[in-house]
Amino acid sequence: MILLYLFASLLIILLLYALLLGICALFVDSKKEYKTHSPFYRWLLNGATALGLRFARVEVSVTGMEKIPTDTRVLFVGNHRSKFDPIITWYIFRAWEPAFLSKKENFHVPVFGRLIRKCCFMAIDRENPRKALETINKAADLMTKDQVSIGVYPEGTRGKNSELLPFHNGVLKIAQKAKAPVAVIAIDGTERIAKNYPRCKTKVYLDVVDVIPTEEVCAVQSRELGERIRYQLEEKLKNRKDVENK
């Protein structure tokens, strides 16, 4: 009887929390790009993400977080394997309040699409260079005004295997325009979450490979910066794969 009571109480709490998220989402303009970060909606987003990762049985191992400066906004740059990549990244690095550039379809996801919009996430049109540049400039402006850090995936879309796709180096101009450091993030294991759930948990590895200081970011062209980041990610992912195969 006690267990049944506890289960019912937990279910009611979760339903009330889901109701809170739904109500708060209604107050977000689904067609507006927000230029001011909302700590309240960030709190809602992080809380919902924590519950979601626990429910999905995801265990994250993080290394190198101490490399990231805490007194400035940062451009987070990583490889892309799964739709879970940004979700895990924005939660693990929540102290830096990262807002991701994402495809427009993600902003139509019920509730979550509105929460991320209120946290200054932005849609980027990779098929239209002019509009993409406008988004890059807006992202740099958000960083300059100390609203959020920014997260990007230079591959542009999710890779089907461990090989990195060609980079769209233009997104790296965000750090150069904002005069901000770049945190190079390697993620591995997210592609297994959907396959493992609910039978078993999934171990995800999130490694801060390097933090490229502002002076080095601004001293080179975006193409050279992209080559450096790509090499670092390839080496880290290769080492991770070698460890797993032993």
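Parameters at a glance
Residues numbered from 1 in each chain as written. Predicted model: local features only at pLDDT ≥ 70, side-chain atom pairs only at ≥ 80, totals over all residues. Heavy atoms only, no water. Pairing = 2+ DSSP bridges. Helix = DSSP H or I, 4+ residues; strand = E, 2+ residues; numbered from the N terminus. Contact = heavy atoms within 4.5 Å. Axes fitted to C-alpha atoms, helices over the stretch in contact; angles between N-to-C directions. Expected span 1.5 Å × (residues − 1). Buried < 20%, exposed > 50% of the residue type's maximum accessible area, 1.4 Å probe, protein only. Patch = residues over 30% accessible without salt bridge, like charges linked within 9 Å, V, L, I, M, F, W, Y side chains within 5 Å. Areas by Shrake-Rupley, 256 points an atom, 1.4 Å probe, with all protein chains shown as cover. Salt bridge = Lys/Arg side-chain N within 4 Å of Asp/Glu carboxyl O. Lys, Arg positive; Asp, Glu negative; His and termini not counted. Charge placed at Lys NZ, Arg CZ, Asp CG, Glu CD. Core = buried A, V, L, I, M, F, W, Y, C linked by side-chain atoms within 4.5 Å.

A few words on the sheet that holds strand β4 (residues 122-123). The seven strands are arranged β1-β7-β6-β2-β5-β3-β4 in an open sheet whose pairing can be described as mixed. The sheet is open, and its two borders are formed by β1 (58-63) and β4, each paired with just one other strand. In this sheet, strand β5 (residues 149-152) lies alongside strand β2 (residues 75-78) in parallel orientation, the contact comprising three bridges. Paired with phenylalanine 76 across the bridge in β5 is glycine 151. Lying on the sheet, helix α3 (residues 84-92) is in contact with β1, β3 (98-102), β6 (182-188) and β7 (202-212); it crosses β3 at an angle near 165°.

Let us look at helix α1 (residues 2-26). Taking 1.5 Å per residue, 25 residues should reach 36 Å; α1 reaches 36 Å between its end C-alpha atoms and fits that length. Within α1, burial applies to Tyr17, Leu21, Cys24 and Ala25. For α1, the secondary structure elements touched by its buried residues are α2 (39-55) and α4 (112-118).

Turning to its location among the elements, alanine 48 is positioned in helix α2. Alanine 48 gets classed as buried once you look at its relative accessible area, which sits at 9%. As a C-alpha pair, alanine 48 and alanine 18 span 30 residues in sequence and 8.6 Å in three-dimensional space. Apart from residues lying up to four places away in sequence, alanine 48 is in contact with Tyr17, Leu21 and Phe112.

All right, on to a positive patch on the surface then. A cluster of basic residues, Lys83, Lys103, Arg126 and Arg158, forms a positive patch at the surface. Relative to the assigned elements, lysine 83 resides in the loop between β2 and α3.

Right, let's talk about the nonpolar core for a bit. Among the nonpolar cores identified, the biggest contains 70 residues, and Leu75, Ile150, Ile174 and Ile229 are the most heavily contacted of them. Other than its neighbours up to four places away in sequence, isoleucine 174 contacts Leu75, Leu101, Ile136, Ala139, Ala140, Met143, Ile150 and Val152.

For the structure shown, the criterion picks out 14 salt bridges. Lysine 145 is the partner of aspartate 141 in a salt bridge, and the nearest nitrogen-oxygen pair spans 3.2 Å. For lysine 145, a relative accessible area of 55% puts it in the exposed group. A salt bridge links glutamate 227 to arginine 223, with the shortest nitrogen-to-oxygen separation between them at 3.2 Å. Within this pair, glutamate 227 and its partner arginine 223 are both found in helix α9 (residues 222-245), separated by four residues, close to a single helical turn. By relative accessible area, which is 46% here, glutamate 227 ends up partly exposed. A single network of salt bridges, built from pairs that share partners, joins Arg81, Asp188, Glu191 and Arg192.

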